Amino acid sequence: MANCSEIGPNAAPTPTFVRRARLQRLGSSGPQNETVPPDVPLMSESIPFNKSVHSPPDPNYGTLPRSLFHRRSLYLSRQHTPPRLSNVPEPPRSAAASGPSSPISMFSPSLRNISNLSFSRIVSQRPISAYDATFNSDSKDDGGLGMSMDAKKNGVRVWYSSYSSIDWMHDAIKESLRFSRLRRKKNFRARIRLAIDRLLGWIIVTIVGCLTAVFAFLVVTSERWLFSLKDGYCTEGWIKARALCCPQTELSMLFPTSTTETECQAWRPWSDLFAWDGGSGSIQFVAYTFIAILLAVSSCWLTLLLTKSTSFVTRKESGVLGPDFHDGSETTAAPRKIFYYASGSGIPELKAILSGFVIHGYLGGRVLIAKSAGLALSVASGLQLGKEGPFVHIACCIGNIVSRLASKYENNEGRNIYYPKRREILSAACAAGVAVAFGAPIGGTLFSLEEVSYFFPAKVMWRSFFCAMIAAITLKLLNPFGTGKLVLFQVTYDKDWHAFELFPFVILGVFGGVYGAYFSKLNFRWSRDVRNATWLKDHPVIEVLLVTLATSAFCFLNPYTRMGGTELVSALFSECHKGVEDEWGLCLSDPGSWSQVTPVVGALLLALVVRGTLTLVTFGIRLPAGIFIPSLAAGALVGRMIGILLQFLRYQHPDMRFFSACSGDNCIIPGLYAMVGAAASLAGVTRTTVSLAVIMFELTDTLSYTIPIMIAVLCAKTTADALEEKGIYELVIDVARLPYLDCKKTFLWGDRQIADVIIRDVDVIRLDQDNTVKSLRDKLQVSLQHDGNQDAVFPILRTDDHDEDSTRLVGVIGARELEHALCIVADHPDEIITFQITYSHHPLASSSFSSLLDDTNRSSFDIFDFSIYMDQAPLTITLNSPLELVQQFFVKLGARYVIVTDMDGYYEGIIDKKTWLAFLNEAGDH
């Protein structure tokens, strides 16, 4: 296998283990530039620098070591004065530079080592270009040096490794240069390219909308058939779901009443196929349970085998800090927590990704396939979960894959308010996911704005709305429900609400808030103290099997526990007419009869307890699972009970002053209370407000009950916030320890100051010392192994001209850039590395490394000058600045790090984003 020195500008990017091997062998005896044989152990990705095995601390998800959250001394005790540098003349330049070269290519995910399965070792990878686009300063179209001066000062970025934060400012500058270069040309061809560039975002969101609807259609149709398969099969065709086999009597088979005694001859339950005298019920239960367990376990295995986080080994990972790296010292960084990308709803991880956090592979093709297939299997198994949240994840996978077709999105991870980038496509994809999940394109756009997206400028809103509209239109043409409509729970209430009903609506809102707050708390504690702290942590398949077995056993208690979530909510929303029994058993022939009310209310209460408890332990297991429908079902059950009881009270006391506004028999509509309760419980769980109200309007195809839904949603959110400040998604982020900086939170700083969070003893590069290749390698290794922070940067300092005991900042170089540069010059361990204080004369400062390898530029480029990777204009703040200003730097400007100086401009220390997050978590006052 070739080493860095043998890779040309058009070759594939250097694999991680090649960089690791070259840096590990740096300084060893023997020729350094020869090709490393494939059988040498150093070439293995599993071999670290130090082979000594050390007992690992608590694992983390690649975000922040636990010590950052629980050991305040990490950032509070580093208060000592930074080391003062003596006034030593700058070392002379070493011999003429000549040596290896390597492209600064962006490394794509590899599909090798999928859960160590021999059949899944895939070695082919798609071509990758340099992350920073080439801007040749010699080009007349680029305007010479003045065109790329901002990029020169900002430096070159090589790639983003997993679990690192995005440099928003760098990506904004890069996009500005790219667009300026495109607009600078005035010929006809350039104008065509500019028009295509402007239309590219609209074309991509159109494709994303169409593909999202196609995937939603496939998931819905397959889930309906698999769900029906637990009860029997259609004699007219095995692939027909019960709704297609018996479109008129699907639910009447679960709810036999005097008015629905007709049977579907085409549908045959398993009890008829294997029945014996007196054993039909047992046969049906055994068949139902066996198929349910088979579906759930299959979904779990698919998630575990295809989407394990350690199987996503990319060429962008650090060669110093690999997934299997352990240092022999006591300061070894915590190993990463194993995570399964297709499990859960995906919305908490998407919130972190859209806020500027990189998780390679989370939005890839493998996860898309596993999430789609696993979602159909998990929902069909009858578990208390929904498919609406995972639809958002599926849509974002599609958006990420499609956006790779254009280099302007492929090579720009970030976004800003002016230019469309990959995360703007993901915001539009989120809207499309909600649109196909609920048939609510407007609500989907608002959901992306309110809940998922970190920034949402006007251009993103337009494209999100357009993408959601395309997804809704495509899904309507595909007609997955066979009704020709997008709405799932269409209601046709012909009565308006009355003023006296405002009090019950408020009660439902308070219940929704209480339910949402305590459900979130209990689920968080179950995940933290049971699922992740007991033997269940290492046996996810057994957990899924036990939960499925319990769900199948309890589902036979009554029809409402057995129904699927969507069917149950639809039944609870249904309208009743006096004297007519419905096929669901919810409409009473005599609403004033206590003997008829008691069984229905008891069955609904039992269903609430059973389904709520099962949802509590189900959400978070290792398979695709959403929380929308179970939350809607819980609120709808309570709302239907309150509606039935109020209706009973109205019939018993028609002259009560409370019901003075009532006229007629159908004054109170129990289905309306179910709809209001459903909105309240979902608001309490997720803490969404405006988007949820609009989703409910589109979901039920009615606008007559806007005020009741708004009142319930606002009361639910207010109550839930008073009991538990974080919603279910924020608590999942806490469990996974994702570095998500919530821009909506307001913090109370008290007497805290910047001195309480600054890191003073961070490793620095001193220009008045000899910085050899080997010494910088050792510095990089120690820094990364100590904290495990791949966002680490190295301040570059010089001695002040007037005060030799003080230092000033020259620039900053990132750990990834330093590793890449050191790999190139690893064959010369004793060479001196230099950093130019100013390099406005440098003709290649803003170029990608691929352009630096061009023959026309190679003669003037010094590979031992790392100035091109140096950020000369980092965000800087003085030591006496308020902490709120630091917060705004990270939230509004998307900074990865902030340099701290004293009042005279002398260097004091640094605050990186992950340390700031740990500080906020420790402070906890907001």
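The rules behind each value
- Residues numbered from 1 in each chain as written.
- Predicted model: local features only at pLDDT ≥ 70, side-chain atom pairs only at ≥ 80, totals over all residues.
- Heavy atoms only, no water.
- Helix = DSSP H or I, 4+ residues; strand = E, 2+ residues; numbered from the N terminus.
- Buried < 20%, exposed > 50% of the residue type's maximum accessible area, 1.4 Å probe, protein only.
- Contact = heavy atoms within 4.5 Å.
- Phe/Tyr/Trp six-rings, centres within 6.5 Å; stacked < 30°, edge-to-face > 60°.
- Lys NZ or Arg CZ within 6 Å of the ring centre and 35° of its normal.
- Salt bridge = Lys/Arg side-chain N within 4 Å of Asp/Glu carboxyl O.
- Polar contact = N/O pair within 3.5 Å; in protein donor to acceptor, adjacent residues only side chain to side chain.
- Patch = residues over 30% accessible without salt bridge, like charges linked within 9 Å, V, L, I, M, F, W, Y side chains within 5 Å.
- Areas by Shrake-Rupley, 256 points an atom, 1.4 Å probe, with all protein chains shown as cover.
- Pairing = 2+ DSSP bridges.
- Axes fitted to C-alpha atoms, helices over the stretch in contact; angles between N-to-C directions.
- Disulfide = S-S within 2.5 Å.
- Left-handed = near helix turned anticlockwise from the far one by under 90°.
- Nonpolar A, V, L, I, M, F, W, Y, C, P; charged D, E, K, R; others polar.
- Lys, Arg positive; Asp, Glu negative; His and termini not counted.
- Charge placed at Lys NZ, Arg CZ, Asp CG, Glu CD.
- Expected span 1.5 Å × (residues − 1).
- Core = buried A, V, L, I, M, F, W, Y, C linked by side-chain atoms within 4.5 Å.
- Parallel < 35°, antiparallel > 145°, perpendicular 65-115°, else oblique.

(A) View of the overall build of the chain. When helices and strands are tallied, the chain shows 32 helices and eight strands. The 926 residues of the chain split such that 60% are buried. The contacts of the chain with a sequence gap of at least 6 include a subset with a gap of at least 24, amounting to 79%.

(B) Region of interest: the packing of aromatic side chains. On inspection of all chains with the given rule, the structure shows 21 aromatic pairs. Measuring from ring centre to ring centre gives 5.6 Å for tryptophan 749 and tryptophan 916, while their planes differ by 40°; the resulting arrangement is tilted. Of this pair, tryptophan 749 sits in the loop between α26 (728-736) and β3 (765-766) while tryptophan 916 sits in helix α32 (residues 913-923), and the two are 167 residues apart along the sequence. Taken individually, tryptophan 749 and tryptophan 916 each receive the classification buried, so the pair is uniform in this respect. The ring of phenylalanine 227 is capped by lysine 230, whose NZ or CZ atom sits 3.4 Å from the centre of that ring.

(C) Region of the structure containing the environment of phenylalanine 864. Residue position: phenylalanine 864 is located in the loop between α30 (855-858) and β6 (876-878). Using a relative accessible area of 1% as the deciding quantity, one classes phenylalanine 864 as buried.

(D) View of the pattern of salt bridges. For the structure on display, the rule yields 15 salt bridges. Arginine 242 is the partner of aspartate 231 in a salt bridge, and the nearest nitrogen-oxygen pair spans 3.2 Å. With aspartate 231 in the loop between α6 (188-229) and β1 (232-234) and arginine 242 in helix α7 (residues 242-245), the pair connects residues that are 11 residues apart, well separated along the chain. Aspartate 231 sits in the buried class, given a relative accessible area of 5%. Accessibility expressed as a relative area gives 5% for arginine 242, which makes it buried.

(E) Looking closely at the side chain of serine 378. Mapped onto the elements, serine 378 comes out in helix α11 (residues 365-380). Among the residues examined, serine 378 registers a relative accessible area of 0% and is labelled buried. At 3.1 Å, the side chain of serine 378 and the backbone oxygen of leucine 375 are in polar contact. At a separation of 2.9 Å, a polar atom in the side chain of serine 378 contacts the main-chain carbonyl oxygen of proline 624. Apart from residues lying up to four places away in sequence, serine 378 is in contact with Ser299, Leu383, Leu385, Leu623 and Pro624.

(F) Looking closely at a nonpolar patch on the surface. On the surface, Val506, Val510, Val514, Tyr518, Leu522 and Leu723 cluster together into a nonpolar patch covering about 430 Å² of accessible area. Looking at which element gives the most residues to the nonpolar patch, the answer is helix α17 (residues 502-531), with five residues. Position of leucine 723 among the secondary structure elements: in helix α25 (residues 706-723).

(G) Just the sheet that holds strand β8 (residues 907-912), in detail. Judged by pairing direction, the sheet is mixed, and its three strands sit side by side in the order β6-β7-β8 without closing on themselves. With partners counted over all chains shown, the strands left at the sheet margins are β6 and β8, one partner each. Strand-to-strand, the axes of this sheet are offset by a mean angle of 30°, without reference to chain direction. Judged from the five bridges that link them, strand β7 (residues 897-901) and β8 form a sheet pairing that is antiparallel. The residue of β8 that forms the bridge with valine 898 is isoleucine 911. Across the face of the sheet, helix α31 (residues 883-892) comes into contact with β6, β7 and β8 while running at roughly 170° to β6.

(H) Main features of the state of the cysteines. For the structure shown, the criterion picks out one disulfide. The thiol of cysteine 210 is not disulfide-bonded; the next cysteine sulfur, from cysteine 467, is found 8.7 Å away. Overall, the relative accessible area of 29% leaves cysteine 210 in the partly exposed class.

(I) Representation of the sheet that holds strand β4 (residues 793-799). Read from one edge of the open sheet, three strands run β3-β4-β5, paired in mixed fashion. Since the sheet does not close on itself, it has two edges, and those belong to β3 and β5 (807-814), each with one partner. As judged from the seven bridges shared by β4 and β5, these two strands associate in the antiparallel manner. Its bridge partner lying in β5, proline 795 is registered against valine 812. Contacts from helix α28 (residues 815-824) reach β4 and β5 within the one sheet, and its direction differs from that of β5 by about 75°.

(J) Examining the packing of α17 against helix α23 (residues 670-686) more closely. Remark: α17 packs on α23, axes separated minimally by 7 Å, with the N-to-C direction vectors making an angle of 35°. The two elements α17 and α23 meet at a crossing, and its hand is right-handed. Each of Pro504, Phe505, Leu508, Gly509, Gly512, Gly513, Tyr515, Gly516, Ala517, Phe519 and Ser520 in α17 lies in contact with α23, whose residues at this interface are Leu672, Tyr673, Val676, Gly677, Ala680, Ser681, Gly684 and Val685. Here the contact of α17 with α23 is composed, by residue class, of 11 nonpolar, eight polar and no charged.

(K) Quick look at unusual backbone geometry. At arginine 687, a position not held by glycine, the phi torsion is positive, near 70°. Among the structural elements, arginine 687 can be located in the loop between α23 and α24 (690-700).

(L) Highlighting a positive patch on the surface. On the surface, a cluster of positive charge is contributed by Arg183, Arg184, Lys186, Arg191, Arg198 and Lys459. Of all the elements in the fold, those that place two or more residues in the positive patch are α5 (168-184) and α6.

(M) Spatial organisation of α5. Here α5 contains 17 residues, and its C-alpha end-to-end distance of 24 Å stays within 8% of the 24 Å for a straight helix at 1.5 Å per residue. When α5 is considered as a whole, its buried residues turn out to be Trp168, His170, Asp171, Lys174, Glu175, Leu177, Arg178, Phe179 and Leu182.

(N) Spatial organisation of the nonpolar core. Among the nonpolar cores identified, the biggest contains 162 residues, and Phe573 and Trp916 are the most heavily contacted of them. For this core, the element with the most residues is helix α22 (residues 628-652), which contributes 12 residues. Excluding residues that lie within four positions of it along the chain, phenylalanine 573 makes contacts with Phe489, Val491, Tyr493, Ala636, Arg640, Gly671, Ala674, Met675, Ala678, Met696 and Thr700.

(O) The environment of isoleucine 669, seen in detail. Looking at the secondary structure, you find isoleucine 669 in the loop between α22 and α23. Here isoleucine 669 falls in the buried class, since its relative accessible area comes to 7%. With 93 residues separating them along the chain, isoleucine 669 and cysteine 576 place their C-alpha atoms 7.5 Å apart. When near neighbours in sequence (up to four residues on either side) are disregarded, isoleucine 669 contacts Tyr493, Lys495 and Tyr705.

(P) Structural view of the pairing of β4. The buried fraction of β4 is high, at six of seven residues. Summarising the sheet, β3 and β4 pair through two bridges and their orientation is parallel. Looking at β4, one finds that isoleucine 765 is bridged to isoleucine 796.

(Q) Expanded view of the packing of α17 against α22. The interhelical angle for the contact between α17 and α22, taken along N-to-C directions, is 150°, at an axis separation of 11 Å. With respect to α22, the axis of α17 lies roughly antiparallel. Classified by chirality, the crossing of α22 by α17 is right-handed. Of the residues in α22, those in contact with Pro504, Leu508, Phe511 and Tyr515 of α17 are Ala634, Gly635, Val638, Gly639, Ile642 and Leu646. Among the residues making up the contact of α17 with α22, the classes are represented as eight nonpolar, two polar and no charged.

(R) Here's a closer look at the pairing of β7. A large share of β7 lies buried, amounting to five of its five residues. Burial of β7 is two-sided: the residues Tyr897, Ile899 and Thr901 facing one way and the residues Val898 and Val900 facing the other way are all buried. Bridging between β6 and β7 involves three bridges; their strand directions are parallel. In the strand pairing of β7, threonine 876 is matched with isoleucine 899. Turn length for the β7-β8 hairpin, with the two strands adjacent in sequence and antiparallel, is five residues, and the turn residue glycine 905 shows positive phi of about 90°.

(S) Looking closely at the environment of asparagine 479. Looking at the element boundaries, asparagine 479 is found in the loop between α16 (458-478) and α17. The class for asparagine 479 is partly exposed, based on a relative accessible area of 28%. The sequence separation of asparagine 479 and phenylalanine 217 amounts to 262 residues, and the corresponding C-alpha distance is 7.9 Å.

(T) Region of interest: α16. Along its 21 residues, α16 runs 30 Å from first to last C-alpha, staying within 8% of the 30 Å computed at 1.5 Å per residue. Within the sequence span of α16, burial applies to Val460, Arg463, Ser464, Cys467, Ala468, Ile470, Ala471, Ala472, Thr474 and Leu475. Remark: asparagine 479 follows α16 within two positions and exhibits a positive phi of approximately 55°.

What is shown is where atoms sit, not what they do.
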